[in-house]
Amino acid sequence: MVSLGRLLQVVPQERVALSASTFATFFLPPFALYFAMGVLVQRKRTAMIRYALLPVNLLCAYRAGSSLDFSFGIPNYRNLNQGLAFITFTLAMRSTAWAFVKKPYRRIALQPNKTFNGDPMSDSANNQLTNVDDTPLFTAIWNAWDLSFNFRGIGWDWAEDLRIPKSSCGTQSTTGFLLSTLAKLLFYAVAYDAASGAARDFSPKTFGSVEGGTIFDASLPPLSRYTLSTIITILSGLTAYFVVELVYQIHAIEAVLLFGQTPSQWPPLFDAPLLSTSLASFWGRKWHQLFRECFISVGARPLSYLLGRTGGVMGAFLLSGALHYLGLAAMGRGGHPVVMFGFYIMQAIGIILEGMWKRCTGLRVHGFWGLLWTWFWVVFWANFMVDAWARVGLVESSLFL
């Protein structure tokens, strides 16, 4: 029996190796509490229970993310601890959002082959709320499995303004969906390997090892140095894009093939982000929206009460900065907080500037000049973030996340 003191130990002296025992005592408690919150958020008159569980959930999530060693002590797999930090921080964010929900979540009955064609979830005429006054406990437990892994809220009523990217394949049978998803998986696997390999090969002397190093090659003159760093930055961004798509396709196949989910529950994740003509469209619609619920509920909404829209935008990006900073710090070589938070703060400032431009000129940022502006602003500040990735050895990791 694990003592309460050991369970709630917050600051470990060092990370402990992953084993069946440490997995059960470190990782399972925060996930069990997260799952319990997923059940409670569907039920009426559970607010006080959710408030009471939240501090324990946050404490257990922090303990798991800072204590377990998923790398087994192998330097080339330190990025697995980054993945662990992402998971536990996400559990904490979603649990916090669910704790303060005022109206219970309800499941939506989706048509098996429904496609959304870029419409908001709330506008889909063929989706119907399940007609129940309060979700029965056993139904809530069953639904919580879907809710726990359903980050965009597809099939739930809380994803009101979420816009789903258009599917290029239209309505598909399950077999057609699995075949097309398998083809995408293979493409993204090859693309990931090519992009990550190219990023590493551009400057092996400065960051071509798990020990890390800078992307800014001091032996080159300034123009060549920053041109090279920009190329590395773009390749690293593509690598991140490809690996997120790769993981998404794997989970789509698993969910449909093994758990009987429908293709309509797995619409496209991205909406052509490389063609974004404004920062607002890039971050608010075209980039993946997996953390949208958390960033709005936990980051944007509280600050918007104090500072209006500006505070809301800044709050969402500050929370995103915290997520990515803690992930990098989990690799054990420093998280570069100024750089990591700085990138996301500058993205927020860019969106605020776009709003100011529209108010002053009556014109929104769009078109060819909007495309150039978006690429410039993202890539310029991403140079410093990718340099932080390279310094902790992330670019050279076996799986570049």
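Reading guide: rules and limits
Residues numbered from 1 in each chain as written. Predicted model: local features only at pLDDT ≥ 70, side-chain atom pairs only at ≥ 80, totals over all residues. Heavy atoms only, no water. Axes fitted to C-alpha atoms, helices over the stretch in contact; angles between N-to-C directions. Helix = DSSP H or I, 4+ residues; strand = E, 2+ residues; numbered from the N terminus. Parallel < 35°, antiparallel > 145°, perpendicular 65-115°, else oblique. Left-handed = near helix turned anticlockwise from the far one by under 90°. Contact = heavy atoms within 4.5 Å. Nonpolar A, V, L, I, M, F, W, Y, C, P; charged D, E, K, R; others polar. Buried < 20%, exposed > 50% of the residue type's maximum accessible area, 1.4 Å probe, protein only. 1 Å grid on protein atoms, 1.4 Å probe; cavity = no way out; pocket = protein on both sides within 12 Å on 5 of 7 lines; lining within 4 Å. Points joined across faces, edges and corners; volume = space filled by probe spheres on them. Lys, Arg positive; Asp, Glu negative; His and termini not counted. Salt bridge = Lys/Arg side-chain N within 4 Å of Asp/Glu carboxyl O. Core = buried A, V, L, I, M, F, W, Y, C linked by side-chain atoms within 4.5 Å. Expected span 1.5 Å × (residues − 1). Bend = angle between axes of the 7 residues up to and from the residue. Phe/Tyr/Trp six-rings, centres within 6.5 Å; stacked < 30°, edge-to-face > 60°. Lys NZ or Arg CZ within 6 Å of the ring centre and 35° of its normal. Patch = residues over 30% accessible without salt bridge, like charges linked within 9 Å, V, L, I, M, F, W, Y side chains within 5 Å. Areas by Shrake-Rupley, 256 points an atom, 1.4 Å probe, with all protein chains shown as cover.

**A closer look at the packing of helix α10 (residues 292-329) against helix α11 (residues 337-361)**
If you want to describe how two helices pack, look at the angle between their axes and the distance between the axes.
Here comes step 1: α11 packs onto α10 with a crossing angle of 155° between their chain directions and a minimal axis gap of 8 Å. Considering their axes alone, α10 and α11 lie roughly antiparallel with respect to each other. Remark: the crossing between α10 and α11 carries right-handed chirality. Mapping the contact onto sequence places Arg-309, Thr-310, Val-313, Met-314, Phe-317, Leu-318, Ser-320, Gly-321, Ala-322, His-324, Tyr-325 and Leu-328 in α10 and Pro-337, Met-340, Phe-341, Tyr-344, Ile-345, Gln-347, Ala-348, Ile-349, Ile-351 and Ile-352 in α11.
Here comes step 2: Each residue belonging to the contact of α10 with α11 can be placed in one class, and the counts come to 16 nonpolar, five polar and one charged.

**Observations regarding unusual backbone geometry**
Here comes step 1: Notably, Arg-45 is not glycine yet its phi reads approximately 60°, a positive angle.
Here comes step 2: Among the structural elements, Arg-45 can be located in the loop between α2 (20-40) and α3 (47-67).
Here comes step 3: We note that Ala-272 has phi near 50°; this positive angle belongs to a residue other than glycine.
Here comes step 4: Mapped onto the elements, Ala-272 comes out in the loop between α8 (222-259) and α9 (279-286).
Here comes step 5: Assessed through its relative accessible area of 39%, Ala-272 is described here as partly exposed.

**Quick notes on empty space enclosed by the protein**
Here comes step 1: Following the criterion strictly, the structure yields two cavities of 30 Å³ or more and no others.
Here comes step 2: Taken as a whole, the largest cavity holds about 40 Å³ of empty space.
Here comes step 3: Around the largest cavity, the lining residues are Phe-151, Arg-152, Trp-158, Ala-159, Leu-162, Gln-289, Arg-292 and Glu-293.
Here comes step 4: By residue class, the composition of the lining of the largest cavity is four nonpolar, one polar and three charged.

**Digging into the side chain of Glu-354**
Here comes step 1: Among the structural elements, Glu-354 can be located in helix α11.
Here comes step 2: Notably, Glu-354 is buried but unbridged: the nearest opposite-charge side chain belongs to Arg-309, and the N-O separation is 6.9 Å.
Here comes step 3: Those residues in contact with Glu-354 that lie beyond four places of it in its chain are Ser-278, Leu-279, Ala-280, Val-365 and Trp-373.

**Here we look at the nonpolar core**
Here comes step 1: Residues Phe-242, Trp-266, Trp-283, Phe-317, Leu-328 and Trp-389 are the most contacted members of the largest nonpolar core, which totals 49 residues.
Here comes step 2: For this core, the secondary-structure elements that each account for two or more residues are α6 (174-201), α8, α9, α10, α11 and α12 (367-391).
Here comes step 3: Per element, the largest residue contribution to this core is 11 residues, and it comes from α8.
Here comes step 4: Once residues within four sequence positions are removed from consideration, Trp-283 is found in contact with Gln-289, Phe-317, Phe-343, Gln-347, Ile-351 and Val-378.

**Topic: α12**
Here comes step 1: Compared with an ideal rise of 1.5 Å per residue, which puts 25 residues at 36 Å, α12 spans 36 Å between its outermost C-alpha atoms and is within 8% of the ideal.
Here comes step 2: In the structure, α12 departs most strongly from a straight axis at Asn-383, where the bend amounts to approximately 35°.
Here comes step 3: Immediately downstream of α12, the backbone of Gly-393 shows phi near 90°, a positive value.

**Some remarks on the layout of surface pockets**
Any empty space left between atoms is shown by rolling a water-sized probe over those atoms.
Here comes step 1: Of the voids in this model, the second largest pocket is the one considered here, and its volume is about 750 Å³.
Here comes step 2: Considering the residues around the second largest pocket, the lining is formed by 22 residues, among which Val-101, Tyr-105, Trp-158, Ser-297 and Arg-301 are closest to the centre.
Here comes step 3: Secondary structure elements with two or more residues in the lining of the second largest pocket: α4 (79-99) and α10.
Here comes step 4: For the lining of the second largest pocket, the element with the highest residue contribution is α10, accounting for eight residues.

**Re the packing of aromatic side chains**
A ring pair, where both rings are aromatic, is described by two values, the distance of the centres and the angle of the planes.
Here comes step 1: Applying the stated rule across the entire model yields 34 aromatic pairs.
Here comes step 2: Here the aromatic rings of Phe-187 and Tyr-188 are separated by 5.3 Å at their centres, their planes lie at 65°, and the arrangement is edge-to-face.
Here comes step 3: Under the relative-accessibility criterion, Tyr-188 is labelled buried at 11%.
Here comes step 4: Considering the side-chain rings of Phe-270 and Trp-287, the 4.8 Å spacing of their centres and the 75° angle between planes classify their relative orientation as edge-to-face. One end of the pair, Phe-270, is in the loop between α8 and α9; the other, Trp-287, is in the loop between α9 and α10, with 17 residues separating them in the sequence.
Here comes step 5: Assessed through its relative accessible area of 6%, Phe-270 is described here as buried.
Here comes step 6: Taken together, the ring pairs connect Phe-187, Tyr-188, Tyr-241, Phe-242, Phe-270, Phe-282, Trp-283, Trp-287, Phe-317, Phe-343 and Tyr-344 into an aromatic cluster.
Here comes step 7: The positively charged end of Arg-63 is found above the aromatic ring belonging to Phe-26, 3.9 Å away from the centroid.

**Quick word on a nonpolar patch on the surface**
Here comes step 1: A grouping of Leu-137, Phe-138, Ile-141, Trp-142, Trp-145 and Phe-149 is seen on the molecular surface, where their side chains present a nonpolar patch of about 750 Å² in accessible area.
Here comes step 2: Relative to the assigned elements, Phe-138 resides in helix α5 (residues 137-149).

**What about α3?**
Here comes step 1: A rise of 1.5 Å per residue sets the reference length of α3, with its 21 residues, at 30 Å; its end C-alpha atoms lie 30 Å apart and thus fit the reference within 8%.
Here comes step 2: The sharpest bend along α3 reaches about 30° and sits at Leu-54, with the proline Pro-55 one to four residues further on.
Here comes step 3: Every buried residue of α3 is listed here: Arg-50, Leu-54, Asn-57, Cys-60, Ala-61, Arg-63, Ala-64, Gly-65, Ser-66 and Ser-67.

**Points about the pattern of salt bridges**
Here comes step 1: This structure, assessed with the given rule, holds five salt bridges.
Here comes step 2: Between Asp-146 and Arg-107 there is a salt bridge, with its nearest N and O atoms 3.7 Å apart. With Asp-146 in helix α5 and Arg-107 in the loop between α4 and β3 (108-109), this pair connects stretches of sequence that are 39 residues apart.
Here comes step 3: Residue Arg-107 is classed as partly exposed on the basis of its relative accessible area, which comes to 22%.
Here comes step 4: Close ionic contact of Lys-286 with Asp-271 constitutes a salt bridge, the shortest N to O distance being 3.9 Å. With a gap of 15 residues between them, Lys-286 in helix α9 and Asp-271 in the loop between α8 and α9 connect regions that are remote in the sequence.
Here comes step 5: Given the relative accessible area of 21%, Asp-271 is considered partly exposed.

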